[in-house]
Amino acid sequence: MKSIKVTDVGSLKNELNKYKKGKKLDIRYFNQAARMAWLGKINMSPVDAEDPECKSWLLHVQAPEGFAAHFVDVDEDLINEIHILDAEQGQYLVEIMRAGLTARAEELEKLNRRDFYFGKFFKDNKPDEGGEPSAS
């Protein structure tokens, strides 16, 4: 088994502090990650859940699939790596992910309650602008 010799403890501590703080994504990457968060296509976890001082997040962005892949552009660099986010951007992505989940759930509930049949086949006797009876 290989061992790693640590000769400079100060530089090791500095590297660990970088991970604890995380870093910000640039605006383009953040917007792409936010779009994927809204779609529920990100995975996030705290860098160190046992350390109360560590507020940074690990972020993995999944590539868009299916219908979304035709409309949402995501850079390969964003989806091919695991990113370490700072607390602020991580929290924003969590909020965006919740908002997207809520919006999609509301749309599915509306769809489940929608009655297509009566709106299509039962119409008023009054013609609309096109001369056809309007749906009620």
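Our structure's up above, just so we're on the same page.
Residues numbered from 1 in each chain as written. Predicted model: local features only at pLDDT ≥ 70, side-chain atom pairs only at ≥ 80, totals over all residues. Heavy atoms only, no water.

Student: Before we go on, may I ask you to explain helix H5 (residues 87–113) in this structure?
Tutor: Structural remark: α-helix, 3.6 residues per turn; residues separated by three or four positions point the same way. Over its 27 residues, H5 extends 39 Å from the first C-alpha to the last, a length consistent with the 39 Å expected when each residue adds 1.5 Å. Buried positions along H5 lie against helix H2 (27–38), strand E1 (42–46), strand E2 (57–61) and strand E3 (82–85). (Helix = DSSP H or I, 4+ residues; strand = E, 2+ residues; numbered from the N terminus. Expected span 1.5 Å × (residues − 1). Contact = heavy atoms within 4.5 Å.)

Student: I would appreciate a short explanation of the packing of aromatic side chains in the present structure.
Tutor: Geometry of an aromatic ring pair is reported as the spacing of the ring centres plus the angle between the planes. In this structure the tally under the stated criterion is 3 aromatic pairs. When the ring of phenylalanine 67 is compared with that of phenylalanine 71, the centres are 5.0 Å apart and the planes differ by 65°; the resulting orientation is edge-to-face. For phenylalanine 71, a relative accessible area of 58% gives the class exposed. With 5.7 Å between their ring centres and 85° between their planes, tyrosine 117 and phenylalanine 118 make a pair best called edge-to-face. A connected cluster of aromatic rings, assembled from ring pairs, spans Tyr117, Phe118 and Phe121. The residue whose ring lies beneath arginine 104 is tryptophan 38, and the NZ or CZ to ring-centre distance is 5.7 Å. (Phe/Tyr/Trp six-rings, centres within 6.5 Å; stacked < 30°, edge-to-face > 60°. Buried < 20%, exposed > 50% of the residue type's maximum accessible area, 1.4 Å probe, protein only. Lys NZ or Arg CZ within 6 Å of the ring centre and 35° of its normal.)

Student: Quick question: what am I supposed to make of the pattern of salt bridges here?
Tutor: When the charged atoms of two side chains lie near each other, side chains of opposite charge can form a pair. Tallied over the entire structure, the rule returns 6 salt bridges. Ionic pairing is found between lysine 20 and aspartate 51, a salt bridge with its closest N-O pair at 2.9 Å. With lysine 20 in helix H1 (residues 9–21) and aspartate 51 in the loop between E1 and E2, this pair connects stretches of sequence that are 31 residues apart. Since its relative accessible area comes to 34%, lysine 20 is described here as partly exposed. In this structure aspartate 51 comes out as buried when scored by relative accessible area, which is 15%. (Salt bridge = Lys/Arg side-chain N within 4 Å of Asp/Glu carboxyl O.)

Taken by themselves, the reported measurements are silent on function.
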